[in-house]
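Spelled out, the chains give:
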Amino acid sequence: MVALQVHFLLIPSLVSIMGAAQYMMQDAALLSYMDQRFLSLEKRLQKCSQDVLEYVDEFREFSKAVLSRLAGLSSDKAELKDEVENLLRRVEHAQRDIDYFGSVTDSNACVEVHEDLLKQQLLEEAEEKKRLKLMFNASCDHMLAGIRSLKVVKKTGGKHGSWMKDPGKKHGKIYLLSGSVNNVILEFANIMAFMENNQTLKARRVPLPLPWEGTGHVIYQGFLFYHRHGSLNEIVKFNIQRRNVADQMLLPGAGRIPAYQLSPQTKIDLALDEQGLWALHAEPETRGNIVLTKINPVAMAVEHSWDTPCSSRDAEAAFMACNTLHVVYNSPSGGSSRIQCVYDVLGALSAHTNPGLHFPKRQGGHSTIHYNPKEKQLFAWGDGSQIIYKLHMEQKV
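Residues take numbers from 1 onward in each chain, read along the sequence in its written order. Two thresholds apply to this predicted model, a pLDDT of at least 70 for residue-level local features and 80 or more for giving and counting side-chain atom pairs, whereas whole-chain, interface and lining totals are computed over all residues. Where side-chain values are given, they derive from all heavy atoms of the structure, hydrogens and water being excluded.

Turning our eyes to something else, we now look at the overall build of the chain. Secondary structure elements are defined from DSSP: runs of H or I of at least 4 residues count as helices, runs of E of at least 2 residues count as strands, and each element is numbered from the N terminus. Along its length, the chain carries six helices and 21 strands. Accessible area is worked out with a 1.4 Å probe on protein chains only. A residue is then buried under 20% of its type maximum, exposed over 50%, and partly exposed in between. Within the chain, buried positions represent 47% of all 397 residues. Contact definition: two residues touch when any of their heavy atoms are within 4.5 Å. Of all intrachain contacts in the chain linking residues separated by at least 6 positions in sequence, the fraction that spans at least 24 positions is 55%. To be clear on the numbers: accessible area is Shrake-Rupley with a 1.4 Å probe, and residue cover counts the displayed protein chains and nothing else. Only carbon and sulfur atoms are counted for the fraction: they give 54% of the accessible area of the chain, which is about 20,500 Å².

This is the structure:
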């Protein structure tokens, strides 16, 4: 089902870059072959099941007719009594056999088809795992073990907002995006300029032609990626230097419910880690669990998607770090934020809860939490404060 879901997601994400287009055409051809293969197997299974059902129905009709005729015979006659009883025993025995046979979904031929289908599925899953490992380059060998400390850098803006650096650039510029709906980015030369009292006067103002929605934006390699206000699931790629929209894409399934129950202003939360750009959202079809999608930032196309077991209920934010989703939970009234669900897309950690990963020395919620893979720190916005959390990382076992 995952492979078919990828096939569906690729359709609205066609791009103009030739390299990415060729890659997508290869995937489309592979998915078309897989689709035809499954269609053939399904037809064989359907015919097999139909043959079994027809045989069972035919025997049951015949047994009813036999029993009806036997009931009309006079079993009191000595010459017929033994024959009637013997025939009745045979019919009852056959009925038990056919009832059992009808309850079994696979005949011998069906078992062979199921075994072939299972082998094919296992082969495809193994190939998919190899492809994912190659795509992620297997370069992440560490995992989050704890949150060591926090630093409140500044208190500016309202309850909702986000701030960040660009991990894809060498410069130390700081970007501030205040509010859950806005169309102006504030750019600061460095962290010291941002911390000054009159920092807004020194900031470079970058207006957007299309406003953002929520607080789930990221800046990567000179581009701002954000959820367009007023759209269901449109992600915009904005060139900060040239001040124009470079590309757009739709994220299927996203935008209908909040990504996190405690941050309802954010429907799509974008994230960065060592492997690049991700999108996080929740869907009614997953019962509110978070869906994780890897996005190619150049082609603006979906590369892969996962339905995670991490619930959006009582979640306030989440972030990616080294192929791994970390979901932050809190109470509706505000309290101690904690990472309580971790999901590694490559399965090294699998999904598990870890209530021991608490955010230190702070009570209250977060509007956004984003991981900076270059500095190995979290940039968070909490009740109008801009916060940096330092992380403790350990080698994966």
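One speaks of a salt bridge when a side-chain nitrogen belonging to Lys or Arg is within 4 Å of a carboxyl oxygen belonging to Asp or Glu. What the rule picks out here adds up to eight salt bridges. Each member of the salt-bridge network shares a partner with another, and the members are Lys-173, Glu-187 and Arg-204.

Let's shift gears to the state of the cysteines. When two cysteine sulfur atoms are found within 2.5 Å, that pair is recorded as a disulfide. Counting across every chain of the model gives one disulfide. The disulfide bridge from Cys-310 ends at Cys-341, spanning 2.2 Å between sulfur atoms. Sign of the S-S torsion, about -75° for the bond between Cys-310 and Cys-341, identifies this disulfide as left-handed. Of this pair, Cys-310 sits in strand β13 (residues 301-311) while Cys-341 sits in strand β16 (residues 338-344), placing them 31 residues apart in sequence. You can call Cys-341 buried: its relative accessible area is 8%.

With that out of the way, let us pick up the pairing of β13. Where burial is concerned, most of β13 is hidden: eight out of the eleven residues are buried. Should DSSP find at least two bridges between two strands, the strands are taken to pair. Looking at chain direction, strand β12 (residues 289-296) and β13 are connected through seven bridges and run antiparallel. Looking across to β13, one finds that Thr-293 is bridged to Ser-305. Where β12 hands over to β13, the hairpin turn is made up of four residues, of which Met-300 adopts a positive phi near 50°.

Only residues whose relative accessible area exceeds 30% and that take part in no salt bridge are eligible for patches, with like-charged residues grouped when within 9 Å of each other and nonpolar side chains (Val, Leu, Ile, Met, Phe, Trp, Tyr) grouped when within 5 Å. Charged residues are defined here as Lys and Arg on the positive side and Asp and Glu on the negative side; His and the ends of the chain fall outside this count. The atoms used to mark charge sites are NZ of Lys, CZ of Arg, CG of Asp and CD of Glu. There is a patch of like negative charges on the surface, built from Glu-54, Asp-57, Glu-58 and Glu-61. Along the polypeptide, Glu-54 turns up in helix α2 (residues 18-71).

A separate point is the side chain of Asn-372. Looking at the secondary structure, you find Asn-372 in strand β19 (residues 368-372). Classification of Asn-372 as buried rests on a relative accessible area of 4%. Engagement of the side chain of Asn-372 in a polar contact is seen with the backbone nitrogen of Glu-375, the distance being 3.0 Å. Polar contacts here mean pairs of N or O atoms no more than 3.5 Å apart (in protein, one a potential hydrogen donor and the other a potential acceptor; neighbouring residues in sequence count only if both atoms are side-chain atoms).

Looking now at the sheet that holds strand β7 (residues 223-227). Strand order in the open sheet formed by four strands is β6-β7-β8-β9, and the pairing between neighbours is antiparallel. Strand pairing shows two members of the sheet lacking a second neighbour, β6 (218-220) and β9 (244-250), which therefore form its edges. Adjacent strand axes in the sheet meet at a mean angle of 25° when their direction is disregarded. One ladder, built from six bridges, connects strand β8 (residues 234-239) with β9; its direction is antiparallel. When the bridges of β9 are listed, Asn-239 appears paired with Asn-244. Lines are fitted to the C-alpha atoms to define the axes, a helix being fitted only along its stretch in contact, and any angle between axes, read from their N-to-C directions, falls within 0 to 180 degrees.

The next subject is the sheet that holds strand β10 (residues 269-273). Across the sheet, which stays open at both edges, the four strands sit in the order β10-β11-β12-β13 with antiparallel pairing between neighbours. Of all the strands in the sheet, the pair left with one neighbour each is β10 and β13. Going across the sheet, the axis of each strand differs from the next one's by a mean of 25°, ignoring polarity.

This brings us to the packing of aromatic side chains. Side-chain rings of Phe, Tyr and Trp (the six-membered ring for Trp) are treated as a pair once their centres are within 6.5 Å; stacked means planes under 30 degrees apart, edge-to-face means over 60, and tilted covers the remaining angles. For the structure on display, the rule yields six aromatic pairs. Considering the side-chain rings of Phe-359 and Tyr-389, the 4.8 Å spacing of their centres and the 80° angle between planes classify their relative orientation as edge-to-face. In this pair, Phe-359 sits in the loop between β18 (357-358) and β19 while Tyr-389 sits in strand β21 (residues 385-395), placing the two residues 30 residues apart along the sequence. Classification of Tyr-389 by relative accessible area gives buried; the value is 0%. A network of ring pairs unites the aromatic residues Trp-163, Phe-188, Phe-194 and Phe-379 as a single cluster. As a reminder, the over-ring test applies to NZ of lysine and CZ of arginine, requiring each to be within 6 Å of the ring centre and within 35 degrees of the ring normal. Positioned above the aromatic ring of Phe-223 is the side chain of Lys-237, whose terminal nitrogen or guanidinium carbon lies 4.5 Å from the ring centre.

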